[in-house]
Amino acid sequence: MALPTLTDFLNSWDKLIVTGMTSERNDSVMTTTTDNIPVAIEYRHQINSSTGECSTVAFLVAYDENGNRVSLRNQTYGCFGDEEKQFHQWFAGKMATASALDVSKRLDVARAVDDWLAQ
């Protein structure tokens, strides 16, 4: 069986429903599964100490009912070269959607408070 590619991971991760940005991080998109399990899409950059090569590690983190982070070890992918560009372009799209949702939510809250105070 062939190892999964970045495209395989991204196609699978596209099943997650974007709900907004993760409140405590600016490089993390909050999503949910159809079973309402909160899952964050995150990444980190790392430098190989022996070669100096930079790479991006993309991964998912679930949250339990108490808000604790749960590592999803089978949902991690190391990106190199062109894959890094592919991931960052994909992530930018998810981040744009998440940011737009957050703006909409903030406007809804502001309107609700204004309406309540106007009564």
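Structural data are supplied above this passage.
Residues numbered from 1 in each chain as written. Predicted model: local features only at pLDDT ≥ 70, side-chain atom pairs only at ≥ 80, totals over all residues. Heavy atoms only, no water.

A. Spatial organisation of the overall build of the chain. For the chain, the helix and strand inventory stands at two helices and five strands. Reading the chain from its N terminus to its C terminus gives the helix and strand order α-β-β-β-β-β-α. For 119 residues, the compact-globule estimate of 2.2 N^0.38 gives 14 Å, and the chain exceeds it by more than 25% at 17 Å. Expressed along its principal axes, the backbone C-alpha trace of the chain runs to roughly 65 × 30 × 25 Å. Taking all 119 residues of the chain together, the buried fraction comes to 33%. (Helix = DSSP H or I, 4+ residues; strand = E, 2+ residues; numbered from the N terminus. Rg over C-alpha atoms; globule rule 2.2 N^0.38 Å. Buried < 20%, exposed > 50% of the residue type's maximum accessible area, 1.4 Å probe, protein only.)

B. Focus on helix α1 (residues 6–13). Here α1 has its buried residues at L6, F9, L10 and W13. The arc that holds the buried residues of α1, viewed along the axis, is 95°, so those residues lie on one side. On its buried side, α1 packs onto β3 (38–47), β4 (54–63), β5 (69–79) and α2 (82–118). (Arc of directions from axis to C-beta. Contact = heavy atoms within 4.5 Å.)

C. Layout of the pairing of β3. When strand β2 (residues 28–32) meets β3, the two strands line up antiparallel, connected through five bridges. Directly across from T32, in β3, lies its bridge partner P38. Following β2, the chain reverses through five residues before pairing antiparallel with β3; N36 in that reversal takes a positive phi of roughly 65°. Taken together, the nine bridges between β3 and β4 define a ladder with antiparallel strand orientation. Across the sheet, A40 pairs through a bridge with V61, a residue of β4. Between β3 and β4, which pair antiparallel one after the other, the connecting turn spans six residues, and G52 there sits at a positive phi close to 80°. (Pairing = 2+ DSSP bridges.)

D. Seen up close, the pairing of β5. Pairing of β4 with β5, which is carried by seven bridges, proceeds in the antiparallel orientation. Each residue of the ladder has a partner; that of A58, found in β5, is Y77. Here β4 folds back onto β5, and the loop between the two strands holds five residues, one of which, G67, carries a positive phi near 85°.

E. View of the pattern of salt bridges. All told, the structure shown has three salt bridges when counted by the stated rule. With a shortest N-O distance of 2.9 Å, D14 and K94 are connected by a salt bridge. Of the two residues, D14 sits in the loop between α1 and β1 (17–21) while K94 sits in helix α2, which places them 80 residues apart along the sequence. Using a relative accessible area of 15% as the deciding quantity, one classes K94 as buried. When the shortest N-O distance is used, the salt bridge between D108 and R111 registers 3.3 Å. Of this pair, D108 and R111 are both found in helix α2, three residues apart, which corresponds to roughly one turn of the helix. (Salt bridge = Lys/Arg side-chain N within 4 Å of Asp/Glu carboxyl O.)

F. Geometry of the sheet that holds β2. Read from one edge of the open sheet, five strands run β1-β2-β3-β4-β5, paired in antiparallel fashion. Lying at the two open borders of the sheet, with one neighbouring strand each, are β1 and β5. Along the sheet, successive strands turn relative to each other by an average axial angle of 30°, direction set aside. Where α2 meets the sheet, it contacts β1, β2, β3, β4 and β5, and its direction lies at approximately 70° from that of β1. (Axes fitted to C-alpha atoms, helices over the stretch in contact; angles between N-to-C directions.)

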